[in-house]
Amino acid sequence: MDNISPGNSTYHRPPTALQAVVAELRRLIVQGVLPPSTHLSQVEIAEHLGVSRVPIREAMRILEGEGRIRYEPHRGYFVAEIDFDKIDEIYRIRELLETEAAVETLALAPPDLVDRMRELNESMRAAEDSTVLTVANRSFHFQLIQPSNMPTLTKMLDDLWNTTDPYRSVYFAESENRKAAYDEHNAIIDAVEAGTVDEVLRLLNSHRMSAIEGLKTLVKQHTNAPGR
């Protein structure tokens with residue numbers, strides 16, 4: 001096999017059963033196919049995905065660690081839900097951490113930051129699939145986080161975002177919420193381009209407050225739904 005050049009190879013190692021199960025369950029939760037409070041039957045999931053229960057059990061532990069699902073003794077796993085107090089706490093912590101990351105990122109001034117943010121915001125506007133839109137939204141915000149070169153802080157924020165993913169996809173199902181996010185993102189981009197750090201932080205805080213109110217409305221609707 002001396003004639004095979006690694007640099008020219010198009011081979012991609014297929015995901016393991018565990019990786020495939022984790023990715024699929026994340027997708028189903030983000031899209032709202034598995035809404036908050038849904039009981040996750042390991043037997044049914046294994047049958048649906050055509051795998052044994054071994055990768056299902058491992059995937060459950062990973063998703064529990066991410067905050068996407070929760071475990072109840074003698075009852076099993078459920079898609080995680082959040083209440084008003086937890087939403088306030090999550091977004092307060094996000095404000096503190098994201099402010100720190102944004103200040104550092106803007107000081108470093110990555111050369112293609114504005115272009116990437118505009119591209120992702122346009123991807124959100126054009127997206128017809130809720131998963132694509134949600135991923136693009138998350139990537140948009142992390143443009144002001146990841147370049148900060150603070151991996152521990154970035155991981156903490158990643159975990160915080162995971163806890164609200166089940167509601168975020170439902171939030172973006174409403175056209176007015178998508179429009180508001182697009183417009184608010186454009187204002188943030190303009191402030192980033194102008195280099196006005198205080199204005200960037202003010203707009204980010206305002207954007208988070210809008211999201212808090214929207215998420216609280218969704219949680220209230222979910223809690224008051226018939227049969228709950």
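Below or above, wherever it landed, is the structure these notes cover. Remember, it's a predicted structure, so these values are computed and weren't measured experimentally.

## A few points about the overall build of the protein
And step 1. Looking only at helices and strands, one finds nine helices and three strands in the protein.
And step 2. What you see in the protein, going N to C, is helices and strands ordered as α-β-α-α-β-β-α-α-α-α-α-α.
And step 3. Dimensions along the principal axes, computed over C-alpha positions, put the protein at roughly 65 × 55 × 35 Å.
And step 4. Burial statistics for the protein: of 228 residues in total, 43% are counted as buried.
And step 5. Long-range contacts, defined as pairs at least 24 residues apart, comprise 72% of the intrachain contacts of the protein with a sequence gap of at least 6.
And step 6. By element, 54% of the accessible surface of the protein is carried by carbon and sulfur atoms, the whole surface being about 12,700 Å².
And step 7. Looking at charge distribution, the protein has the averaged site of its 25 positive side-chain charges lying 5 Å from that of its 35 negative ones.

## Some thoughts on the packing of aromatic side chains
Geometry of an aromatic ring pair is reported as the spacing of the ring centres plus the angle between the planes.
And step 1. Within this structure, the stated rule accounts for three aromatic pairs.
And step 2. Plain terms: the ring middles of Y71 and Y77 are 5.0 Å apart, the flat faces sit at 55 degrees to each other, and that makes the pair tilted.
And step 3. Pairing Y171 with F172 gives two aromatic rings, centres 5.4 Å apart and planes at 65 degrees, and the pair type is edge-to-face. For the pair Y171 and F172, a shared accessibility class is recorded, and that class is buried.

## So, the side chain of S37
And step 1. In this structure, S37 sits in the loop between α1 (17-30) and β1 (39-40).
And step 2. With relative accessibility at 19%, the residue S37 sits in the buried group.
And step 3. For S37, the side chain forms a polar contact with the side chain of E81, separated by 2.9 Å.

Cut-off values and rules
- Residues numbered from 1 in each chain as written.
- Predicted model: local features only at pLDDT ≥ 70, side-chain atom pairs only at ≥ 80, totals over all residues.
- Heavy atoms only, no water.
- Helix = DSSP H or I, 4+ residues; strand = E, 2+ residues; numbered from the N terminus.
- Buried < 20%, exposed > 50% of the residue type's maximum accessible area, 1.4 Å probe, protein only.
- Contact = heavy atoms within 4.5 Å.
- Areas by Shrake-Rupley, 256 points an atom, 1.4 Å probe, with all protein chains shown as cover.
- Lys, Arg positive; Asp, Glu negative; His and termini not counted.
- Charge placed at Lys NZ, Arg CZ, Asp CG, Glu CD.
- Phe/Tyr/Trp six-rings, centres within 6.5 Å; stacked < 30°, edge-to-face > 60°.
- Polar contact = N/O pair within 3.5 Å; in protein donor to acceptor, adjacent residues only side chain to side chain.

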